[in-house]
Amino acid sequence: MDGHEEAGQLRWRLVEQEESGMLFPVSALGERHVGTGEYRGMEFFHVNARAIVNKVPAVSKMPFEYTINAYRGCSHACTYCFARPTHSYLGLGAGEDFERKIVVKVNAVERLRRELRSPRWQGDHIAMGTNTDPYQKAEGKYHLTQGIVRVLAEAGNPFSILTKSTLVLRDTALLVEAATRTRVSLSLSIGTLDREVWRLSEPGTPPPDKRLEAVAKLNEAGLRCGVLIAPVLPGLSDSEDQLRAVTKACLEAGAVSVTPVALHLRPGVREHYLQWLGNARPELMALHTERFQRGSYQPAAEQHRISEIVRSVERPVSRRARWRRVERRVRASEAPGPSGSGPSGQSSRTLPDKRRVRVEALQLRPSTEQLRLL
Ligand code: SF4
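From a predicted model like this one, the values you see are computed outputs, not experimental measurements.

Student: Please explain the overall build of the protein chain as it appears in this structure.
Tutor: Scanning the protein chain for helices and strands turns up 15 helices and 11 strands. Intrachain contacts of the protein chain at a sequence separation of at least 6 include 77% that bridge at least 24 residues.

Student: Hey, could you run me through the sheet that holds strand β1 (residues 33-34) in this one?
Tutor: Strand pairing in a sheet relies on backbone hydrogen bonds. The paired strands run either parallel or antiparallel. A sheet is described by the order of its strands in space; here 4 strands give the open sequence β1-β2-β6-β5, paired in mixed fashion. One side of each edge strand has no neighbouring strand; the edge strands of this open sheet are β1 and β5 (71-72). Pairing between β1 and strand β2 (residues 43-47): 2 bridges, direction antiparallel. By the bridge assignment for β2, His33 is matched with Phe44.

Student: Is there a simple way to explain the site of the ligand in this structure?
Tutor: Around the ligand, the neighbouring residues are Cys74, His76, Ala77, Cys78, Cys81, Ala83, Thr132, Asp133, Gln136 and Lys164. Considering only residue class, the shell around the ligand consists of 5 nonpolar, 3 polar and 2 charged.

Student: In this structure, what is going on with the environment of Val149? I would like to understand it.
Tutor: Within the secondary structure layout, Val149 lies in helix α5 (residues 144-155). On the basis of neighbour counts, which here come to 22 C-beta atoms within 10 Å, the residue Val149 falls in the buried class. Remark: the alpha-carbon pair of Val149 and Asp171, spanning 22 residues in sequence, is separated by 8.8 Å. Apart from the residues within four sequence positions on either side, Val149 is in contact with Asp171, Leu174, Leu175 and Ala178.

Student: What's the story with the packing of α5 against helix α6 (residues 172-181) in this structure? I'm lost.
Tutor: Geometrically, a packed helix pair is captured by the angle between its two axes and the distance between the axes. Two elements in contact, α5 and α6, have axes whose closest approach is 9 Å; the angle formed by their N-to-C orientations is 25°. When the axes of α5 and α6 are compared, the pair comes out roughly parallel. For α5 against α6, the interelement crossing comes out left-handed. Touching Gln146, Val149, Arg150, Leu152 and Ala153 of α5 are Leu174, Leu175, Glu177, Ala178 and Arg181, all from α6. In the contact of α5 with α6, the residues fall into 6 nonpolar, 1 polar and 3 charged.

Student: What is the right way to read the pairing of strand β8 (residues 159-163) from this model?
Tutor: Looking along a regular strand, one sees side chains alternate from face to face of the sheet. With respect to burial, β8 is a largely interior element, 4 of its 5 residues being buried. Pairing analysis gives 3 bridges linking strand β7 (residues 126-128) to β8, with the strands arranged parallel. For Ile126, the partnering residue across the bridge sits in β8 and is Phe159. Both β8 and strand β9 (residues 184-189) contribute to a ladder of 5 bridges, which runs parallel. Among the inter-strand pairings, Ser160 is bridged to a residue of β9, identified as Ser185. Crossover β8 to β9 through α6 is right-handed.

Student: For this particular structure, what's the right way to read the sheet that holds strand β10 (residues 225-232)?
Tutor: With respect to topology, 7 strands assemble into an open sheet ordered β3-β4-β7-β8-β9-β10-β11, the strand pairing being mixed. Looking at the sheet topology across the chains shown, the edges are occupied by β3 (54-55) and β11 (258-262). Direction of pairing for β10 relative to β11: parallel, over a ladder of 4 bridges. Counted as the bridge partner of Val227 is Val258 from β11. Across the sheet, helix α9 (residues 240-252) lies against β10 and β11, angled at about 165° from β10, the strand it touches most.

Calculation rules
Residues numbered from 1 in each chain as written. Predicted model: local features only at pLDDT ≥ 70, side-chain atom pairs only at ≥ 80, totals over all residues. Helix = DSSP H or I, 4+ residues; strand = E, 2+ residues; numbered from the N terminus. Contact = placed C-beta atoms within 7 Å. Pairing = 2+ DSSP bridges. Near = placed C-beta within 6 Å. Nonpolar A, V, L, I, M, F, W, Y, C, P; charged D, E, K, R; others polar. Buried ≥ 20, exposed ≤ 12 C-beta atoms within 10 Å, placed from the backbone. Axes fitted to C-alpha atoms, helices over the stretch in contact; angles between N-to-C directions. Parallel < 35°, antiparallel > 145°, perpendicular 65-115°, else oblique. Left-handed = near helix turned anticlockwise from the far one by under 90°. Right-handed = clockwise from strand over helix to strand, strands pointing away.

This is the structure we're talking about:
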């Protein structure tokens, strides 16, 4: 058995234990929610978060200062997940508990609305998907990420989302609307196209080809969606052929950026991952001992090798893909629509007039210099 069974052992205050400051009806209290149907095997622990926007510690090297995580634990169950140890802080286990016992901050949307109204809030960028996946399975039931996106859009507050889930497509219209009011950055995480490696290492996630489709659909909707090839797993998804294949597929799906990240294993995750690897692929243990002999990170040369492979595919393909996107936008902006600005009126937003004129002036095969100007 993984972790503790009793709700009372959670360090969070469960909703049913909260007597004051409740933001939901009394009828919703008093029970831990056991998943049924598509959520069978899962448990949901409702909590009242005292704050929903978290400030990232100054010592962190993260490229964002504020985050929101509406869920703790993640049913995507990635073997390498760096958030696993955070479940232990809650009195739950970093193994199966992390995948099946999900802490749900049920007041996240109302809480965010209040925090954004505070005179102290300066409208900084907020990152989602930095700890657990905002579009994991629980989101299909609770719609907290959807509510958070709506509130951020209403406030015109810039935000970014990183996810491995195609559930993000449910909110396409909302995200498009948000992008008309504020800066919205989206990234799908797709570590490999290899289905065997995917099944082994990310058993709760949608297949990689479905995630690629999501990248294409989001970009076609006018959203700027990139891909993190993350993490690249030693001996499993780090061969040149594998990296070239996934990079090419991402670019062809219209990814606005492709960024590879080599696996790192900090204490807490390291034990879990190596135990899993020892069972799943014991022949790779020696390679990991060598790669991680200096600590949590692989040698810099390995990240460099991976980046170089990705860049070597990206340079020529991205130029072609970029040009195809420009062509599509020009065609859409020229198509007759109700307002004379394209079928949905959206194209004129994503391709401002000045830029459109410049695009139209280009020859069919633009030069590198022309592409750089776009
Ligand atoms: S999707 Fe992200 S948060 Fe969820 S288990 Fe995988 S790595 Fe962890």
